[in-house]
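# Fold and contact review
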Amino acid sequence: MKKNLLVFVLFITAFLAAYLFVSSSDIFDDSPKKKIKTSGAKETLELWSFERAYPNDDIPSDAYTRAYEYSLSHFAKELKELNAADEWKQIGPHNIGGRTNAVAFNPQNSNTIFAGSASGGLWKSYTAGVGPMAWEFVETGFPVLGVSSISFIPNDSLTFYIGTGEVYNYQNALGGIAVRTTRGSYGIGILKTTDGGLTWTKSLDWSYNQQRGVQDVEVDQLNPTTVWAATTEGVYKSTDAGAAWNLSLNYLMAVDVEINPQNSDIVFATLGNLSSPNHGIYRTVDGGMNWTKLTNGLPASFGGKALLSIHWNNPQIVYVSIGNGFSSNAGTWLCKTTNGGDSWTIVNTTDYSTYQGWFSHFVAVHPVDPNLVLTAGVDVFKSTDGGANLVRKSDWAAWYFGITPPGGPEGPPNYSHADHHAFVFHPDFPDVVYFGNDGGVFRTLDFGETFEGCNGGYQSTQFYAKFTSSESDSLIAIGGMQDNATAIYLGTVAWKRVIGGDGCMTAIHPTNNNIMYGSSQNLSLRRTTNQGNNWTSISPPGSSPTAFVAPFVLSPSSPAILYAGRDKVFRSTNQGSNWSVTNNNQSLDGNPTIAMAISYSNAAKVYVSTAPVNSRARIFVTTDSGTTYSDITGDLPDRYPKNFAVDPNNDNNVYVVFSGFGTPHVYKSTNSGANWTDITGDLPDVPTSAIVVDSDYPQYIYVGNDIGVYVSTNSGATWNIFMEGIEDAAMVIDLSISPVNRKIRAVTHGRGVFERSLLEPSAVGTGMEIVLEEFRLEQNYPNPFNPATSIIYQIPYAGYITLKIYDALGREVTTLVNEQKPAGKHEVIFDASSAAGGLSSGVYFYTIETPFFNRTKKMIFTK
């Protein structure tokens, strides 16, 4: 039995401003037992939209896809002879999963599972999510960020569909300036694969209609050429395996669709969210020709969303979880029918969805025993009497701080991360249920009595700006993550989790790596003097309008000095122990600050930008420690100014990048902002969040945007794409340079952190060959083959390697390599005629695994 529920991709990089509601997530003080959990999901989604749509109500429908396609074609034609030393490689975290929308089993091999991340694409595991490197990224060839649902053809491990994109307030159900269209990623509709995920085609093509979103996709298990989809436009149906789609239920904001497993003419759908029109539970008994809104015994109205669960053995029994909104004590209804939906009973009003009723909750009825029920919102609850009584079983706040091993316990047996979005039952063991939540993939082996994480290698965390790399140690860095606290990188893929809450901006003392700074939402600022073992609160005073991810900077030249911003800018001269307000206690322009940068050599010189809440965004500079500020906005575009880069060698040279669409995104000033020059050039028109300058070669500038990373080697005169190793697209929220080993780190919102070498002048424009120092798995040759083929792989340093062959069902055929190997390029021959029992013609897969890298490729054996 399969259930894939709508969820989401929470992305934030801005502010909440004057109408910010409450804090976002998991807030801890220095006593971990004292905890508060409140909702910021709605605010962060609104800000994601607001930042990209501004000054319009929503993102342009086709701009992102056109920019992605332009980038691929343009930079392929305009190759500029960049011979990089390596490609991007993952550096983690591999022990902290990110927000997950969907989980699904291969119907013919339950060891193979897929997960849909919120903004990090599709992932696959051959070990049911167990182990330190359980997961690998699935390339689709499209800019797939959020995967909302996954649905397999029955008895077919190769053919399945994924739905993409998340939208919660389509066409402004609530309206108003404070509540904008709410979305969390770009979607492209529905994709289909017929070879287990190696290649993909567009099924429902919304590439150029990205204001829309697909919330749920379900294949008819009795007639697999019939596929249903719940979307922002309504409920769609395909009768030809996704080749064509027809709108069956023409009401906005369809959230969930469920098919009667014994009579597929009977289909249920739920519509509505954030009080959208026509919300309710609907049913068709004639395959979608006619729909009826079900009302008997159900709540007359609700402000959140509703999610269904049909009992597999007796589909007359259906449960629905209904959430009421986004405020505390909003209300939740667990409803049940025993006559196929003709009448319903509200069996429980325990408020398990709470303030996430619009966003993250579900109900799951046991496939065998209809009295066994799991419900989940922030935490997981269990009923043994058909929902009449619900007992809380999980504790979202029980996670372990410090370093947990990838694939190891992330908390005690009662820990499942907060904000549950999706579930799927194990096809063979009904007590085994997998969850998707804000901490990745979790599971219960005993139907909700205990829980465990399944996130080894699932690099899907959503980082925010500002990520910090140590100036003196290449193995130390720190960054904040959505709903997953702050994490310290210590040279391995197992990162150290600290602080709590939504991790936000960070800093590291330039000469003492024990002194670090971290923050959570709304400028809750902290300092550690022992590399994160203990933290002291040093938040600036005040409660004036403050960005959700509020800015602060540490002076590299005088590291006792910090600046931090609400709508006013504060300054500390003793590492945050005390603060004074700058600018004569006046706001810069009435808006909250969103970005800051400080001169590398002059602690009195700071650049600050504000968000366009009460008026258009502006940029300021102070050269006297904040006594006065100069407005240097000039003719810069009216968009969100997201990030600065100050030339480390000359603080008169400053760069700024802008979010949004329809204007240039990268500007440079050589006179501290008195004049600005547009150096966007041929970069794609997408929201741009990151920029950094190489201090050794300041003409080398790196930019990160919602597609990936780009580089200029001539101060912005020309640009080249710099994406090798980061498959498809990635929302790059920050870029950070590690000067000791001359590496650059791409910090993404959904794909964790990647690292590669900075460009060197000798490698640019010479056409010279440079030895690649990277992991690589090449395509086998010949392919197709009979009976033997060569597989070549490369490893940059000695390590233990396994190379295995799998059949199309994910079953292991043979192990080709399972031993320590020296650095370098290696070749192994696979002879199909020597495989045990002989092999039949067909598709096979070969997978390389190391502690830091895994990759799968397809090959074809023909007799």
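The notes below deal with the structure included here. What you see is a predicted model; the values in this text were computed from it and never measured. (Residues numbered from 1 in each chain as written. Predicted model: local features only at pLDDT ≥ 70, side-chain atom pairs only at ≥ 80, totals over all residues. Heavy atoms only, no water.)

## Considering the overall build of the chain
Each helix and strand in the chain was counted, giving two helices and 66 strands. Dimensions of the chain along its principal axes, counting C-alpha atoms only, are 75 × 65 × 45 Å. Every one of the 863 residues in the chain was classed for burial, and the buried ones make up 66%. Of all intrachain contacts in the chain linking residues separated by at least 6 positions in sequence, the fraction that spans at least 24 positions is 57%. On the chain, the mean spot of the 56 positive side-chain charges and the mean spot of the 77 negative ones are 3 Å from each other. (Helix = DSSP H or I, 4+ residues; strand = E, 2+ residues; numbered from the N terminus. Buried < 20%, exposed > 50% of the residue type's maximum accessible area, 1.4 Å probe, protein only. Contact = heavy atoms within 4.5 Å. Lys, Arg positive; Asp, Glu negative; His and termini not counted. Charge placed at Lys NZ, Arg CZ, Asp CG, Glu CD.)

## What to know about the pairing of strand E59 (residues 753-757)
In terms of burial, E59 is a largely internal element, five of the five residues being buried. One ladder, built from three bridges, connects strand E3 (residues 89-92) with E59; its direction is antiparallel. In the strand pairing of E59, Lys89 is matched with Glu755. Counted along the chain from strand E58 (residues 743-748) to the antiparallel partner E59, the turn is four residues long, and its residue Gly750 has a positive phi close to 135°. (Pairing = 2+ DSSP bridges.)

## Concerning the sheet that holds strand E41 (residues 552-554)
Judged by pairing direction, the sheet is antiparallel, and its four strands sit side by side in the order E41-E42-E43-E44 without closing on themselves. Edge positions in the sheet fall to E41 and strand E44 (580-581), since each of these pairs with one other strand and no more. Sheet topology places strand E42 (residues 562-565) next to strand E43 (residues 569-572); four bridges connect them, and they run antiparallel. Looking at the pairing, Gly565 lines up with Val569 of E43.

## What about the pattern of salt bridges?
For the coordinates displayed, the defined rule picks out 29 salt bridges. With a shortest N-O distance of 2.8 Å, Asp696 and Arg742 are connected by a salt bridge. Of this pair, Asp696 sits in the loop between strand E53 (688-693) and strand E54 (701-705) while Arg742 sits in the loop between strand E57 (732-738) and E58, and the two are 46 residues apart along the sequence. Owing to a relative accessible area of 16%, Arg742 belongs among the buried residues under this scheme. Two residues, Asp807 and Arg811, come together in a salt bridge whose shortest N-O distance is 2.8 Å. Salt bridges linked by common partners bring Glu51, Arg52, Lys642 and Asp706 together as one network. (Salt bridge = Lys/Arg side-chain N within 4 Å of Asp/Glu carboxyl O.)

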